[in-house]
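A look at the structure
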Amino acid sequence: MARALRRLIHLLLFCPLSKGLQVKYLLLVWLGVLVASWVLYMQYASYSELCRGHVCQAVICDHYSRGVISGSSCKALCEQKTLTLGHCMSTSSKHQVYAGHWKERPVVIKCGIEESDGGPDSATRPKKSLFDKPTRGTSMDEFKEMLHLFLKENFGEQPSLSALVDRIISLADINQDGKLSLAEAKSIWALLRVNEFLLMVALQEKEHTPKLLGFCGDLYVTEPLGHTSLYKVEVPPYLQALVPGALVSGLNHWLAPAWPRRARITIGLLEFVEEVFHGPYGSFLICDASPRHVGYNAKYDCKIADLRAVASEAAVRAHLKGRRCETNADCTYGRDCTATCDRLAKRCNAEVVQPNLAKVCALLQDFLLYGAPPELQGDLERQLHTCVTLTGLASQMEVHHSLVLNNLKTLLWKKISNTQYS
């Protein structure tokens, strides 16, 4: 094999070409070498910047050893070393995501790293303020009141908040003695300020959200997903200008699951839209409808891979209400939750214009239509078009939205029911 490779290189470099062609050929070779070197450098630089799990683990274990924090995963992470970080999946240096193992069981490990102005050596300093509440001397009743006010601020006034407070207290009580130590209280308070963890606790009974397996300080462990995105091919930002979009789309079509399995994933995502509408803790909005945030497991059950894309309606309203604006673009929460701008008052209205269902259908169009059965193609296109064009205030269109969603689910279920894919 090595000899054949050497002969090929010798042939390419010394083949009988005219001088002009040789010069052009050598320039192309050197250009290829430069591009490849640049890609490798960018890959290494982005990995070094994004993947700092060792820093996160060192900070967490330092706080655990000093008795500042607690959690069901602390001993495994810091003492027994049975919870280990593996492949880095981070897309932001402030939000570390790793595939890992816990007693040889695959898991996903997530941890926040706040940037500080003191350079790399001061990485542990911001965590001190993260674990500053509650303070020593806070009673259980006072802590429950803190939790209730915090949940009310995030979810609005909901009748089930007291039950959620009790669930959080039970989750924080690691040794199940009916009391909370200061370290247990500090840990759960820090975790609740992580939006994804807060939503995971609130939606833990829902079928399409990842299950929480454990935590330590503000590090938490969730169930793994076989696929963390709807599409298998993702081009890094620094290569997007060089790689044609048609090539990426074609590769994703070729590598996509069979259409019936994509229909099953779609039904799961539509069920998630139903689950987060008018639940016991209010409604939730999808504010970043990206294929990178929607995953599925080995059975092709849809799971929301990144709940940071979701926000409570109360939090979005509070952010938008009365916000100064010139255009509708100024009235945006996240990437996709946009309200209208009152151009006379130059203030944002509080209600998001595009409902969850329209965003999800826009996301699913290419994913679902490619390779669809011919006898279903026409109906599917019409129903997706109706779904994508849903506009207006969601509160005024609830019945219509429900009808569109159910029609789409029924169409898909009829095709895959009573088959191996159902």
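Provided above is the structure to which this section pertains.
Basis of the calculations
- Residues numbered from 1 in each chain as written.
- Predicted model: local features only at pLDDT ≥ 70, side-chain atom pairs only at ≥ 80, totals over all residues.
- Heavy atoms only, no water.
- Phe/Tyr/Trp six-rings, centres within 6.5 Å; stacked < 30°, edge-to-face > 60°.
- Helix = DSSP H or I, 4+ residues; strand = E, 2+ residues; numbered from the N terminus.
- Buried < 20%, exposed > 50% of the residue type's maximum accessible area, 1.4 Å probe, protein only.
- Polar contact = N/O pair within 3.5 Å; in protein donor to acceptor, adjacent residues only side chain to side chain.
- 1 Å grid on protein atoms, 1.4 Å probe; cavity = no way out; pocket = protein on both sides within 12 Å on 5 of 7 lines; lining within 4 Å.
- Points joined across faces, edges and corners; volume = space filled by probe spheres on them.
- Nonpolar A, V, L, I, M, F, W, Y, C, P; charged D, E, K, R; others polar.
- Expected span 1.5 Å × (residues − 1).
- Salt bridge = Lys/Arg side-chain N within 4 Å of Asp/Glu carboxyl O.
- Patch = residues over 30% accessible without salt bridge, like charges linked within 9 Å, V, L, I, M, F, W, Y side chains within 5 Å.
- Areas by Shrake-Rupley, 256 points an atom, 1.4 Å probe, with all protein chains shown as cover.

1. Details of the packing of aromatic side chains
Applying the stated criterion across every chain, the model contains eight aromatic pairs. When the ring of Phe155 is compared with that of Phe284, the centres are 5.7 Å apart and the planes differ by 75°; the resulting orientation is edge-to-face. Here Phe155 is found in helix α6 (residues 140–155), whereas its partner Phe284 is found in strand β6 (residues 284–286), with 129 residues between them in sequence. Summarising the burial analysis for this pair, Phe155 and Phe284 share the class buried. By way of ring pairs, the aromatic residues Phe143, Phe150 and Trp189 are connected into one cluster.

2. What about the environment of Glu205?
Structurally, Glu205 is set in the loop between α9 (195–202) and β4 (212–216). A polar contact of 3.2 Å, which involves the side chain of Glu205, links it to the side chain of Arg167.

3. Description of empty space enclosed by the protein
According to the stated counting rule, one finds five cavities of 30 Å³ or more in the structure shown. Considered as a void within the structure, the largest cavity measures approximately 90 Å³ in volume. Listing elements by their share of the lining of the largest cavity, those giving two or more residues are α11 (259–275) and α13 (356–369). By residue class, the composition of the lining of the largest cavity is ten nonpolar, two polar and two charged.

4. Comments concerning α11
With 17 residues, α11 extends 24 Å from end C-alpha to end C-alpha; this agrees with the ideal 24 Å at 1.5 Å per step. In terms of burial, α11 is largely enclosed, as twelve of its 17 residues are buried. Along α11, the residues classified as buried are Trp259, Arg262, Ala263, Ile265, Thr266, Ile267, Gly268, Leu269, Leu270, Phe272, Val273 and Glu275.

5. A closer look at the pattern of salt bridges
This structure, assessed with the given rule, holds 15 salt bridges. A salt bridge links Glu196 to Lys110; its shortest N-O distance comes to 2.9 Å. Of this pair, Glu196 sits in helix α9 while Lys110 sits in strand β3 (residues 105–112), and the two are 86 residues apart along the sequence. Assigned by exposure class, Glu196 and Lys110 land together as buried. A network of salt bridges, in which partner residues are shared, links Asp288, Arg335 and Asp336.

6. Observations concerning a nonpolar patch on the surface
A grouping of Leu247, Leu251, Trp254 and Leu255 is seen on the molecular surface, where their side chains present a nonpolar patch of about 420 Å² in accessible area. Within the fold, Leu247 resides in helix α10 (residues 245–255). According to the relative accessible area criterion, Leu247 is partly exposed, its value standing at 46%.

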